[in-house]
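Descriptive structure summary
The chain contents come next:
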Amino acid sequence: MTRYPKRIVCLTEETTETLYLLGQGDRVVGVSGYTVRPPEARQKPKVSAFINAKFDKIEALRPDLVLAFSDLQADLVAELARRGLSVVVFNQRTVEEILQMIRMLGGLIGCPHDAEALAERLSAGLDDIRHAAARFPARLRVFFEEWDDPLISGIRWVEELVEIAGGTPIFPELAGARLAKDRIVDPWEVARRDPQVIFASWCGKKMRKTTIQNRPGWDRVSAVRDDRIYEIKSTYILQPGPASLTDGVRQIHSILRTALGQPSE
């Protein structure tokens with residue numbers, strides 16, 4: 001047996017991307033079918049969706065570690081454990097927990113120093129965006145919708161990234177709700193809070209602007225009236241890993257900067 005895991009299956013994209021950023025992509029032997037980042041990881045065998053997996057295929061890959069995410073994959077984890085596989089489940093929901101996940105993963109695979117350096121780089125990049133946003137002349141009210149029916153507001157790391165990027169989430173009281181069902185909002189309440197910018201990332205489903213524009217009463221919402229409705233693809237913002245802390249937050253920051261008429265940086 002080797003000292004650290006050499007054959008790793010990742011059931012979600014963020015751990016795959018993290019391993020590649022740590023220079024350990026060769027250890028990844030299986031990935032989620034939703035994996036986009038990095039592009040070369042898509043050449044690996046696809047062994048799962050999000051709430052289902054090909055257990056026999058995973059076993060055939062002889063992994064010495066399987067990485068999973070959240071309570072939503074609890075049933076997958078239980079079955080893999082019953083089959084005798086070693087499984088680690090991360091449950092990060094905040095920016096700090098994402099950085100902690102990176103550090104923990106580095107420790108699991110014997111690369112703690114590289115993981116610490118990666119976490120520090122990502123943290124420094126967020127600080128740069130935070131400082132740039134501090135120069136905005138105003139902070140626009142932002143509604144981030146994670147799903148359209150029922151209408152679900154953004155999970156905590158997303159709302160934190162909106163704030164870092166220079167916006168003000170309109171449902172701050174829901175940011176700490178870990179489960180999507182606890183972040184369901186009334187469309188009329190969204191309209192009442194009058195977001196000036198709407199970001200939509202519908203968990204892998206393409207956003208339809210007309211769906212948002214045609215909601216009853218939303219013709220008076222500032223974001224609809226001013227045509228400030230933007231899609232952020234889920235691979236950039238709804239995976240709690242490096243993508244959200246880099247491309248995702250940068251896209252939000254750039255859109256807010258443009259909406260405020262600020263010059264490009």
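Look up: the structure comes first, before these words.
Notes on the structure follow.

Cut-off values and rules
- Counting restarts for each chain, with residues numbered from 1 along the sequence as it is written.
- Per-residue local features are limited, in this predicted model, to residues with pLDDT of at least 70; the limit for side-chain atom pairs, both in listing and counting, is 80 or more; totals at the level of whole chains, interfaces and linings are taken over all residues.
- Water and hydrogen atoms play no part in the side-chain values, which are based on all heavy atoms of the structure.
- One requirement defines pairing of two strands: DSSP has to find at least two bridges between them.
- Under the DSSP-based scheme used, a helix requires at least four consecutive residues in state H or I and a strand at least two consecutive residues in state E, with every element numbered from the N terminus.
- Here, axes are lines fitted to C-alpha atoms. For helices the fit covers the stretch in contact, and angles between N-to-C directions go from 0 to 180 degrees.
- Contact between two residues is taken to exist if any of their heavy atoms lie within 4.5 Å; hydrogens are not considered.
- Expected span of a helix: the number of residues minus one, times 1.5 Å.
- Using a 1.4 Å probe on the protein chains alone, a residue whose accessible area is under 20% of its type maximum counts as buried, one over 50% counts as exposed, and one in between counts as partly exposed.
- The directions from the helix axis to the C-beta atoms form the arc being described.
- Side-chain atoms within 4.5 Å are what join buried Ala, Val, Leu, Ile, Met, Phe, Trp, Tyr and Cys residues into a set we call a nonpolar core.
- Throughout, the term roughly parallel applies to angles under 35 degrees, roughly antiparallel to angles over 145, roughly perpendicular to angles from 65 to 115, and oblique to all others.
- Only Asp, Glu, Lys and Arg are considered charged in this grouping, and only Ala, Val, Leu, Ile, Met, Phe, Trp, Tyr, Cys and Pro are considered nonpolar; every other residue, Gly among them, is considered polar.

**Let's talk about the sheet that holds strand 5 (residues 87-90)**
One open sheet accounts for 5 strands, arranged 3-2-1-4-5; its pairing is parallel. Of all strands in the sheet, those bounded by a partner on one side alone are strand 3 (46-48) and strand 5. Neighbouring strand axes in the sheet, compared pairwise and without regard to direction, differ in orientation by 25 degrees on average. By the bridge criterion, 4 bridges tie strand 4 (residues 65-69) to strand 5 in an arrangement that is parallel. Following the sheet pairing, Val66 is matched in strand 5 by Val87. Its contacts with the sheet place helix 3 (residues 74-82) against strand 4 and strand 5, and it is angled at close to 165 degrees to strand 5. Packed onto the sheet, helix 4 (residues 95-109) meets strand 1 (8-10), strand 4 and strand 5 and runs at close to 165 degrees relative to strand 5.

**Brief notes about helix 5 (residues 112-133)**
The terminal C-alpha atoms of helix 5 lie 32 Å apart, and with 22 residues this matches the ideal 32 Å at 1.5 Å per residue to within 8%. Of all the positions in helix 5, only Ala115, Leu118, Ala119, Leu122, Leu126, Ile129, Ala132 and Ala133 are classed as buried. An end-on view of helix 5 places all buried positions within 150 degrees of arc, on one side of the element. Away from its buried face, by an angle of more than 90 degrees, helix 5 presents the exposed residues His113, Arg121 and Asp128. Elements in contact with the buried residues of helix 5: helix 1 (13-21), helix 4, helix 6 (156-165) and helix 11 (242-259).

**So, the nonpolar core**
The biggest cluster of nonpolar side chains holds 48 residues, and the ones touching the most others in it are Leu161, Phe199 and Leu256. Excluding residues within four positions of it along the chain, Leu161 makes contact with Val95, Leu126, Ile237, Ser244, Leu245 and Val249. Counting 18 residues, the second-largest nonpolar core is a separate cluster that includes Leu174, Val185, Val190 and Val221.

**A short note on the packing of helix 5 against helix 6**
Across the interface, helix 5 lies against helix 6 with an axial gap of 7 Å and an inter-helix angle of 55 degrees. Here helix 6 runs oblique to helix 5, going by the angle between their axes. Where helix 5 approaches helix 6, its residues Leu126, Ile129, Arg130 and Ala133 are matched on the opposing element by Leu161, Ile164 and Ala165. Looking at side-chain class alone, the contact of helix 5 with helix 6 contains 6 nonpolar, no polar and 1 charged residues.

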